[in-house]
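Chains, contacts and geometry: an overview
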Amino acid sequence: MLKPILKLIPGSLTIVFAFYGCFHIVAEIFTSFIPLGFLITALIVFGIYALKVPQPPEDALEAIVGKDLISNENPESYIVKTIAHRGAGLDAPENSLVAFDMCHTGGCDFVEFDVTLTSDGIPVVFHDSTLERMADSNVIVSKTSYEVLKNMDISVKHPLRERFGFTNIPTLDQTVIKLLANGQRMIIDVKDNNAKMVAIILDLYTRYPNLYSNAIVSSFFPNIIYFIRKSDSKIVCSLAFRPHIFANEYFKYPEGKGPRRSTQFWKHYLLKIFDFLHSWALPKFTYYLLGISVILLHKDCLSPEVIIQWRAKGVRVISWTVNSPIEKQHSVRNLKITYLTDTLTGEVSTHSI
């Protein structure tokens, strides 16, 4: 019990120093029998400890993603090097059943897919808020019923569209049934910061208990992961992270930050504050509070030091989205981490030593 509590003290002291003030704390050390700053620190430490959700045991994580690449010395052990991002969306229409089948046929039995809600509350496997990028349509997913969405072809703008017939948006249930039947493991990425998604995920695990050893639930939103794990701590979860997630549309090297999410001056800088607080809190206590087993990190904010720091916390690092052969080889051979990729092209040469 003492060791995890000690981990919280540095971050809690930082909170107290930032909000209470160094001067007041130092002054109270010499003028008070029990300094108020110390009491506040203790309350924060034990508050976080009381609210935390216990991390699943290591064998639960290993059942899904296998042994850690850096510690595995047995060539016969189950390990995961490659995860097909959205079912390898460069090779087939992303987040589609045909893409998941293609991964299975191609020997990749671990896929990641996105979940969002339609206007009638049906969880579907789709990434964007609209169909513009996939089907050249301005239809908004959250404002459209599944009866309408299922009749739209999401293969029409794919560069290899000639290889595929009509491809529609699958439901979450259709996807899970397909993947479990294929013997494929999965990362379920919750795209909506919507409380309804918590109940949907919990119900999914109730109806398909094999998911406990075959799936990781992930999201960019810590609150979604917290309430899922608070209700069922056996569910293995991850948190996805990239720099400037709240304030900017994307981040990539060497361009850096993408367009602002908000054109309003005050709102943009409020989102920047959220980004700062989130980036600061995540490695200090958010991960501990959530009890996550995996952190999905954008490849352009990775370094050996970052990976070492997360491993020391007992959290596995998976990078996204790694598409070039050189970056794939660097991830597996040098950094010793699993990666998400949009294409399975060149996988054999990537992993051959």
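Below you will find a few notes about this structure. Note that this is a predicted model, so its numbers are computed, not measured. (Residues numbered from 1 in each chain as written. Predicted model: local features only at pLDDT ≥ 70, side-chain atom pairs only at ≥ 80, totals over all residues. Heavy atoms only, no water.)

Of note, K328 is situated in helix α13 (residues 325-335). A distance of 2.8 Å separates polar atoms of two side chains, one belonging to K328 and the other to E347. (Helix = DSSP H or I, 4+ residues; strand = E, 2+ residues; numbered from the N terminus. Polar contact = N/O pair within 3.5 Å; in protein donor to acceptor, adjacent residues only side chain to side chain.)

Further remarks concern the pattern of salt bridges. Side chains that differ in charge, positive against negative, can pair when their charged atoms come close. Considering all chains together, one arrives at 19 salt bridges under this definition. The shortest N-O distance in the salt bridge between D68 and R311 comes to 3.0 Å. Of this pair, D68 sits in the loop between α4 (58-65) and β1 (82-85) while R311 is found in helix α12 (residues 304-312), placing the two residues 243 residues apart along the sequence. You can call D68 buried: its relative accessible area is 13%. Take R311: its relative accessible area is 22%, and that puts it in the partly exposed class. Connected through shared salt-bridge partners, R86, E94, D114, D128, R133, D189 and K191 make up one network. (Salt bridge = Lys/Arg side-chain N within 4 Å of Asp/Glu carboxyl O. Buried < 20%, exposed > 50% of the residue type's maximum accessible area, 1.4 Å probe, protein only.)

It is worth spelling out helix α5 (residues 97-105) at this point. Residues of α5 that are buried include every one of A99, F100 and C103, and no others. The buried residues of α5 occupy an angular sector of 100° when projected down its axis, which confines them to one face. Where the residues of α5 are buried, they touch β1, β2 (110-117), β3 (123-125) and α8 (172-182). Among the residues trailing α5, G107 stands out with phi positive, at a value near 90°. (Arc of directions from axis to C-beta. Contact = heavy atoms within 4.5 Å.)

Function cannot be inferred from these measures alone, as they are strictly geometric.
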